[in-house]
Amino acid sequence: MAFPVTRLRRLRMNPTVRDMVRETELSPRRFIYPMFVCPGSGVKKEIGSMPGNYQWSVDGLVEEARSVRALGISGIILFGIPESKDERGSSGYDDQGVVQQAVRALKREVKDLLVITDVCLCEYTSHGHCGLVQGEEVLNDPTVGLLAKMALSHARAGADIVAPSDMMDGRVAAIRSILDGNGFANIPILSYAVKYASGYYGPFREAAESAPAFGDRRSHQMDPANALEALREAEQDLAEGADMLMVKPAGPYQDVIRMLRDRFQVPLAAYQVSGEYSALVAAGRLGWLDLPRVMMESLTGIRRAGADIILTYFAKEAAKALA
Ligand SMILES: [Zn+2]
């Protein structure tokens, strides 16, 4: 039936009816809050390009994580700023490393908070690349073994979920195998299966102090123009034992989120990255956008595209807005 019998505005006439027919819901339990941990004590250093986000030493991180959990947010994902860096990223798979210390403290102090660890070498290598390098090339196979060591070290510290973000081929299988071989068969892998070589990561590199000293990440991260290739990445990671998949960034890749949601039966995460966050915060500060409103709209869009879990720097503010 066409207009005038059909009038779509009938179901928009007041807030109660709009509430009743709303298709997409946000909930803090769907959020994961990214956090940055650094050495020392009493450190809370704001990240200039990501206002409201900080590098924390373990003591402050634990207190902050407590308040994150109190807001109903399911978990955090941890990134480390190590004491020292070398060519092999060895502080990343050191059982006394900054992330490992943080994980132990969080699991001891904060009840029911899921602690997810990011597994990649770029925060720990002196050259800032995601793996071992030879000349200008990021080596795949020798890197995979180190990533597996890092994941095992995180699991030993008590991580609930490990999340490889490096985009090396074969790393999910290597991580699954080393975890299973060491009594961690129950630790899930959240794979950054579809991670694009994105300009939106800019502010994160300040946050994690992980900008590459030369070259870029285009030889392992995906070309922003490709979507079919995302299906191959997802299929491969599932075949290797990934329990959950992730698309990163989120907002500019909502078509890819939808493709994966329609195609695969595993929980799907999307990472609303630093640049997506910072762009909205900056426009809000300039008075060009209503930040609280576009924050919720951006998250709703990602959820509507099919993401079950959203990693977002807005997690706390959005959780407060939903309370
Ligand atoms: Zn990396």
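A. The arrangement of the side chain of Asp 166 in detail. Looking at where Asp 166 falls in the secondary structure, it is placed in the loop between β8 (161-164) and α5 (171-181). A distance of 2.6 Å separates the side chain of Asp 166 from the backbone nitrogen of Met 168, its partner in a polar contact. Among the polar contacts made by the side chain of Asp 166, one reaches the side chain of Arg 171 at a distance of 3.2 Å. Not counting residues up to four positions away in its chain, the partners in contact with Asp 166 are Val 119, Cys 120, Cys 130, Leu 147, Arg 171 and His 220.

B. Inspection of the environment of Leu 289 at higher detail. Mapped onto the elements, Leu 289 comes out in the loop between α9 (274-285) and α10 (291-305). Leaving out residues up to four positions away in the same chain, Leu 289 has contacts with Leu 280, Ala 283, Gly 284 and Val 294.

C. Seen up close, the pattern of salt bridges. Within this structure, the stated rule accounts for 17 salt bridges. A salt bridge links Glu 317 to Lys 320, with the shortest nitrogen-to-oxygen separation between them at 3.3 Å. Here Glu 317 and its partner Lys 320 are both found in helix α11 (residues 315-322), 3 residues apart, which amounts to about one turn of the helix. Exposure remark for Glu 317: the relative accessible area of 43% places this residue in the partly exposed category. Relative accessible area serves as the criterion here: at 42%, Lys 320 is assigned to the partly exposed category. The structure contains a network of salt bridges with shared partners spanning Glu 63, Arg 66, Arg 108 and Glu 109.

D. Main features of helix α2 (residues 58-70). Compared with an ideal rise of 1.5 Å per residue, which puts 13 residues at 18 Å, α2 spans 18 Å between its outermost C-alpha atoms and is within 8% of the ideal. Within α2, the full set of buried residues consists of Val 58, Gly 60, Leu 61, Val 62, Glu 64, Ala 65 and Val 68. Residues of α2 that are buried in the fold lie against β1 (31-37), β3 (54-56), β4 (75-80), α3 (98-109) and α11. The first or second residue beyond α2 is Gly 72, which carries a positive phi of 90°.

Cut-offs and rules
Residues numbered from 1 in each chain as written. Predicted model: local features only at pLDDT ≥ 70, side-chain atom pairs only at ≥ 80, totals over all residues. Heavy atoms only, no water. Helix = DSSP H or I, 4+ residues; strand = E, 2+ residues; numbered from the N terminus. Polar contact = N/O pair within 3.5 Å; in protein donor to acceptor, adjacent residues only side chain to side chain. Contact = heavy atoms within 4.5 Å. Salt bridge = Lys/Arg side-chain N within 4 Å of Asp/Glu carboxyl O. Buried < 20%, exposed > 50% of the residue type's maximum accessible area, 1.4 Å probe, protein only. Expected span 1.5 Å × (residues − 1).

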